[in-house]
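Reading the structure
Here is how the chains run, residue by residue.
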Amino acid sequence: MSRIRVCLLLTELRPCGAERMVYQLATRLDRSRFEARVVALRGGEVGDWLVRAGVDVRVLGMRGKRDAHRLAGLPRLLRERPIDILHTHLFHADFAARLTLPLLDVPHLVHTVHVAERRWRPWQFAFARLTDPLCDRVVCVSRGVRNHHAALAHLPPHRYVVIPNGIDTAAFAPDPAARVSLRGQWGVGEGETVVAFVGRLDPQKGVDVLLRAFDEVARRRADVRFVLAGEGPLRGLVEQALQRDPLRGRARYLGFVRDVPALLAGADVLAAPSRWEGLPLATVEAMAAGVAVVATRGTGHEEAVADGRTGVLVPIGDPGELANALDGLAADGERRKAMGLAGRVRARECFDIAENVRRHERLYEAVAGGESRVADGGLRIAARRRP
């Protein structure tokens, strides 16, 4: 039996959540059954990772809206080798693909929705609805994303399949030696608690709320240190806040960190006050590393965090409640440890990358085989073939 040829098309190749999931999928698909390649509208570091892993990568070279004319080259890139399934990730890649499909001989289209977009983007959902006959499946990374997209795109439930994000849980196993070394570099004293933030410095991630909560915790407690890692438009805000009391001398900004497992080895609590998400990788990674999590409910975190067991969920946009939860965990080392142990178990059981890849493989086989119905994630999904 010939291999199923899958082309993963995404907007860009920066090392963010969706791009990292594409990397995991492209490099872990069973190569005896699948042939994977990647095409991106814009380049980035993940493209280098893929090339080193032996994956064929093509980049259109768009840098922004002024390069829209470059989309004319997309059919050529996609026609370089025959494709059985075109799997798009993120809106702009999906938009380009659905406009291009009439020019291609691609039997099947699958699209993944990675986030429950809370910004006002009605045209995205209208486009999904109008072009739905072109798409065989809409994959969502969480039930919340599915419900949000279905409500705004007005598509029936049977159009969707939920495949939760996954990580290499073994890579995040706690490392006691790394913990001692890193906390020494950070100047963390005996008995001090380290609260970490890992993510894009963007309003979506609630960075403004995070800084206000950190200020409050720092005023209450002298035994807490703060570490922030990431890049983004709010970097200036972060750097300014860390230079002012009460955070001055007690908080570190690390910039973009590639070795997230090492960073989490030194942390005791992860703060994740996002305003919206899909199924956030940083939260799952923290649980896999044995780190208790404080995150916002109603944002995708609640599908990762078991409230009261692996972490604490707080309201969106509430620095006081975030501070209270961080303060409570800083004061109770035994509770943090119990949450960390429970988080490791939950991450392994629910969010290991191997299961994510297996479910994608089953989906690809069902779509390529033209099955009329396929069971996945407890849902019965009716196949949709393009006319």
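Residues numbered from 1 in each chain as written. Predicted model: local features only at pLDDT ≥ 70, side-chain atom pairs only at ≥ 80, totals over all residues. Heavy atoms only, no water.

A cis amide bond links Asp245 with the next residue in sequence, Pro246, at an omega value of 10°. Phi at Leu90 takes a positive value of approximately 80°, unusual for a residue other than glycine. For Leu90, a relative accessible area of 23% gives the class partly exposed. You will see that His154, though not glycine, has its phi angle at about 55°, which is positive. With respect to the element layout, His154 can be found in the loop between α6 (143–153) and β7 (160–162). (Buried < 20%, exposed > 50% of the residue type's maximum accessible area, 1.4 Å probe, protein only. Helix = DSSP H or I, 4+ residues; strand = E, 2+ residues; numbered from the N terminus.)

The final tally for this structure, using the stated rule, is 6 aromatic pairs. Judged by centre distance (4.8 Å) and plane angle (50°), the rings of Phe95 and Phe127 are tilted. Of the two residues, Phe95 is situated in helix α4 (residues 91–100) and Phe127 in helix α5 (residues 122–130); the sequence distance between them amounts to 32 residues. Exposure remark for Phe127: the relative accessible area of 14% places this residue in the buried category. A connected cluster of aromatic rings, assembled from ring pairs, spans Phe91, Phe95 and Phe127. (Phe/Tyr/Trp six-rings, centres within 6.5 Å; stacked < 30°, edge-to-face > 60°.)

It is worth spelling out the confidence of the model for the chain at this point. Of the residues in the chain, 94% have a pLDDT of 70 or more, and the chain-wide mean is 92. Contacts of residues 372–387 to residues separated by more than four positions or lying in other chains number 52 contacts, the stretch itself having pLDDT below 50. (pLDDT = per-residue confidence, 0-100. Contact = heavy atoms within 4.5 Å.)

For the structure shown, the criterion picks out 36 salt bridges. For Arg33, the salt bridge identified is with Glu365, shortest N-O distance 2.7 Å. With Arg33 in the loop between α1 (17–28) and β2 (34–40) and Glu365 in helix α14 (residues 353–368), the pair connects residues that are 332 residues apart, well separated along the chain. Across the pair Arg297 and Asp307 runs a salt bridge whose closest N-O atoms are separated by 3.7 Å. (Salt bridge = Lys/Arg side-chain N within 4 Å of Asp/Glu carboxyl O.)

A few words now on the sheet that holds strand β5 (residues 108–113). With parallel pairing, 7 strands are arranged side by side in an open sheet as β3-β2-β1-β4-β5-β6-β7. Looking at which strands have only one partner, the edges of the open sheet turn out to be β3 (56–59) and β7. Direction aside, the axes of adjacent strands within the sheet are offset by 25° on average. Sheet topology note: the strand β6 (residues 137–140)/β7 ladder contains 3 bridges and is parallel. Bridge pairing in β7 places Val139 opposite Val161. Taken strand by strand, α1 contacts β1 (4–10), β2 and β4 (85–89), and its axis lies near 165° from that of β1. (Pairing = 2+ DSSP bridges. Axes fitted to C-alpha atoms, helices over the stretch in contact; angles between N-to-C directions.)

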